[in-house]
Each structure stands twice: as structure tokens, then as C-alpha cells.
Amino acid sequence: MPTRKKPLKSAQRKPAAGAGPWDAALSPRRAGEKRYWLVKSEPDTFSFDALLSLPGQTTSWDGVRNFVARNFMRVGMRKGDRVFFYHSSTNPQAIVGICEVAKEAHPDSTAFDAKHHGYDPRSDPADPTWFMVDLHAIERLPRPVTLAEIKRTPALAAMAMLRIGRLSVTPVAPAEWDTIIALSRTTTA
DNA sequence: GCCAACGTTGGC
DNA sequence: GCCAACGTTGGC
């Protein structure tokens, strides 16, 4: 009798058909298409300045333990994509900088480390559950664009970061990206 | 497969 | 510090 192997997790789940308004972020790309994203970090834990102070201004974005956020990283993000760096749980909450995807998704090693708070005993090193991308800081925004400002800007009303509460990785539409860049070049009222 | 309990995120 | 919104877990 042949040995039945446990199917790979990656083969178990088919993408849900019409899963939601964020499918576009995971869909196939046109040649040369660049996409945009937003990641959150609590500045007390890891700030944009902390990233700028690292050698190479690059870090592995580990610790994501939500499947939707993981899929945005693993399926959605490609090298060269631009990423807003958002400071959460601080005053004021704001987008403060720009990164780019320096390395596409690779297994999140912290999930295998029993001493790490992100340890997940169910993540099999041979078929990892959790992934991380490497982010390289490009530049600080001319000024932070606050959550309050995002909320009161009509062109940003559909932003995933407002609609999918508490998700640490979200897609940003190109027009939203441009709007936020333009806001960051204005002076606050 | 349902759903209550629980944990986490993050705005306020 | 509170709590709403969700995701996850586990009993049934």
C-alpha cells in the first residue's frame, strides 16, 4: 500500500472565488506593473527611524500571523513594489515613510523559534505557514500624513487600511498612493 | 458545521 | 484603559 503523504498546505486551499474587493491586489500583473502597499508598526516597537538606522536600511518583516496579511505579502508583493510605513498606536498615527520590497516572501524563521513570541508550533519548516518579505527604507515623507487626515480625504475613503480594520498589511491603490504623496508635500492646515 | 469563548489589534 | 472588530479555537 502506498504511503499517503499529508498534502502540502499550499495545495490544500484553492483561492476563494470572488473573495472580496481586495482580489485585485493578488491578481496577475501586467508586464512591468508596480503595486503599492501599507504596513503598520508600533513605533515603540519598531519605528521608521529604527529602520533607517539599520545597516542597509533593510529589515525582514517578520511576525505577521494573519492569513490575509500573509497572502498580501506572499502572493501580492513583488520586488520593487512600494510600501508605506505607518505608525500605529501612537499619537498621532500616521504614514511616515516609504519602503520598497527588497526581497519577496520567504519563510518567517521566527515561527520556528520556540523562544520567540511569534513561535507557531504548527508551522512546519518543510511547509511553512508564515512568510516575511524584506523591506528597504527609501525615504521619509516630507511630513507625516495622519490617520485623521486620511479619514477626512474623500479620495482615500475606500482605502483598505480604513476598511479592513487592524490588518497589518494592506494594499494601496495607485491613485491612493499618489494622493498621499501629494498630501505629504503640502503643509498642514 | 455552528457558535460561544477567547485573544489580539489598534483607535479613541 | 476601554472596547469594537475580527480572527481563531474548540466543544458539541
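**Examining helix α3 (residues 67-76)**
Next, step 1: Of the residues making up α3, those classed as buried are A69, R70, F72, M73 and G76.
Next, step 2: The N-cap of α3, judged by a side-chain oxygen 2.9 Å from the amide nitrogen of V68 a few residues on, is N66.

**Overview of the side chain of D120**
Next, step 1: Residue position: D120 is located in the loop between β4 (94-107) and β5 (131-146).
Next, step 2: Judged by its relative accessible area of 10%, D120 falls in the buried class.
Next, step 3: A distance of 2.7 Å separates polar atoms of two side chains, one belonging to D120 and the other to W130.
Next, step 4: Excluding anything up to four places from it in sequence, D120 contacts A111 and W130.

**Comments concerning helix α6 (residues 174-184)**
Next, step 1: Buried residues of α6: E176, W177, I180, I181, L183 and S184, and no others. Summarising the axial view, the buried residues of α6 lie within an arc of 160°, below the 170-degree limit, and thus occupy one face. Across from the buried face of α6, at angles greater than 90 degrees, the exposed residues are P174 and A175.
Next, step 2: Tucked inside the fold, the buried residues of α6 contact β1 (36-41), β3 (82-87), β4, β5, α4 (147-151) and β6 (169-172).

Rules used throughout
Note that residues are indexed from 1 along each chain, following the sequence as it is written. Here every chain gets a letter starting at A, and every ligand a number starting at 1, in the order they are written. For a predicted model such as this one, the threshold for reporting local features is a pLDDT of at least 70, and the threshold for listing and counting side-chain atom pairs is 80 or more; totals across whole chains, interfaces and linings nevertheless cover every residue. In computing side-chain properties, one takes all heavy atoms of the structure into account and sets aside hydrogens as well as water. Burial classes: relative accessible area under 20% of the type maximum marks a residue as buried, over 50% as exposed, and values in between as partly exposed (1.4 Å probe, protein chains only). We count a stretch as a helix when DSSP gives it H or I for four or more residues in a row; a strand needs E for two or more, and each element gets its number in order from the N terminus. Whenever a nitrogen or oxygen atom comes within 3.5 Å of another N or O atom, the pair is scored as a polar contact, on the condition that within protein one atom can donate a hydrogen and the other can accept it, and that pairs from neighbouring residues in sequence are kept only if both atoms are in side chains. Contacts are residue-level and defined by heavy atoms, with any inter-residue pair within 4.5 Å sufficient. Relevant arc is that of directions from the helix axis to the C-beta atoms, nothing else.

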